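Structural description and commentary
If you want the building blocks of each chain, they are given just below.
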Amino acid sequence: MSNNNAIEFKHVKFTYPDSKKAVLKDVNFVVKKGSWTSLIGHNGSGKSTISKLINGLLLPDENSDSKITVLGTNVTAENIWDIREKVGIVFQNPDNQFVGATVGDDVAFGLENRGVPRQEMIKIVRNVLSEVGMLEYIDSEPANLSGGQKQRIAIAGILAVEPQIIILDESTSMLDPSGRKQILKIIIELMKKKQLTVVSITHDIDEANMADSVIVLNDGEIIDQDSPVKIFNKTTMLKQIGLDIPFTNKLILALDKSGVSVPQNLRTKDELKQYLCQLNLKI
Ligand SMILES: Nc1ncnc2c1ncn2[C@@H]1O[C@H](COP(=O)(O)OP(=O)(O)OP(=O)(O)O)[C@@H](O)[C@H]1O
Ligand SMILES: [Mg+2]
């Protein structure tokens, strides 16, 4: 395994105990260290199953040649605790993630479990809460917070134990557009500061469009992995498997239909804006 890889899946097969059919058939992909990778696919395509396999909440089918490597360590029953130190998952519903009576207690939970001394714990909790802009809520009850604030606390709780990989499993899907933007901004800043590797599972195509790499999952199989620009240009493929395309690409298609063709290499919102401005279109 290359040292540059944070996550590697090789021929991964997974079947739930009470099911006859494999959910993941032969999944192969690589996530580079320090990158942001988005995983997209329709409901039930196996995205959350993959996220749980990354941190050992689930293990691949026995008697198969499945191999999952996370930061150089094979994910097996023996070392799931090591793996969970390195991988944090933020789930969709923040209400199901709280364990503490106050925001501070909640963020401290993972540290208490690891036997971190109290003084150090207080310092870490304050640090991570300020990183997500929630320090002033340290004594608040989690139940009284907004959805976006709850997700920020969930992220702080994960940051407290200093994982190297963060998985966002539809973590922004219950938030309004501004809450969503705030969370993504925090994650992008943390990525740069702490050299985190991020895997974001999302139905929000515009969120996926921000990634370095996009993995497309369909019925338990990876059908493509490429840069967002290349993936979202494959509009026919995406439509066939029931996925939406980003607003910019929809606009390019609409322009094309009305006789304004946009060059292939211009695919980001800013590039498109610049191009259209200099065209001086008469509307
Ligand atoms: N605990 C379980 N036992 C049996 N089958 C399960 C279990 N959890 C998920 N499945 C099935 O496995 C398949 C993949 O589920 P998974 O949750 O990984 O999909 P997903 O891509 O995350 O979907 P969504 O977009 O709805 O979150 C689905 O068909 C689902 O019904
Ligand atoms: Mg899911």
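One can find the structure itself at the top, above this paragraph.
Residues numbered from 1 in each chain as written. Chains lettered and ligands numbered in written order. Predicted model: local features only at pLDDT ≥ 70, side-chain atom pairs only at ≥ 80, totals over all residues. Heavy atoms only, no water.

1. Looking at the nonpolar core
Formed by 35 residues in total, the largest nonpolar core has its most connected members in Val107, Val125, Leu129, Ile153 and Leu159. Only helix H3 (103-113), helix H4 (118-131), helix H5 (147-160), strand E7 (165-169) and helix H6 (177-194) provide two or more residues apiece to this core. For this core, the element with the most residues is H5, which contributes seven residues. The next biggest cluster of nonpolar side chains, apart from the first, holds 27 residues, and it includes Ile7, Val12, Val87 and Ile201. (Core = buried A, V, L, I, M, F, W, Y, C linked by side-chain atoms within 4.5 Å. Buried < 20%, exposed > 50% of the residue type's maximum accessible area, 1.4 Å probe, protein only. Helix = DSSP H or I, 4+ residues; strand = E, 2+ residues; numbered from the N terminus.)

2. Considerations on the sheet that holds strand E9 (residues 213-218)
If you trace the six strands from one edge of the open sheet to the other, you get E6-E7-E8-E3-E9-E10, paired in mixed fashion. At either end of the open sheet lies a strand with only one pairing partner, and these are strand E6 (87-90) and strand E10 (221-226). Going across the sheet, the axis of each strand differs from the next one's by a mean of 20 degrees, ignoring polarity. Looking at chain direction, strand E3 (residues 36-40) and strand E8 (residues 197-201) are connected through four bridges and run parallel. (Pairing = 2+ DSSP bridges. Axes fitted to C-alpha atoms, helices over the stretch in contact; angles between N-to-C directions.)

3. Examining H4
Taking 1.5 Å as the rise per residue, H4 with 14 residues should run 20 Å; its terminal C-alpha atoms sit 20 Å apart, in good agreement. What H4 keeps buried is the set Met121, Val125, Val128 and Leu129. The arc that holds the buried residues of H4, viewed along the axis, is 100 degrees, so those residues lie on one side. Turned more than 90 degrees away from the buried face of H4, the exposed residues are Gln119 and Lys123. (Expected span 1.5 Å × (residues − 1). Arc of directions from axis to C-beta.)

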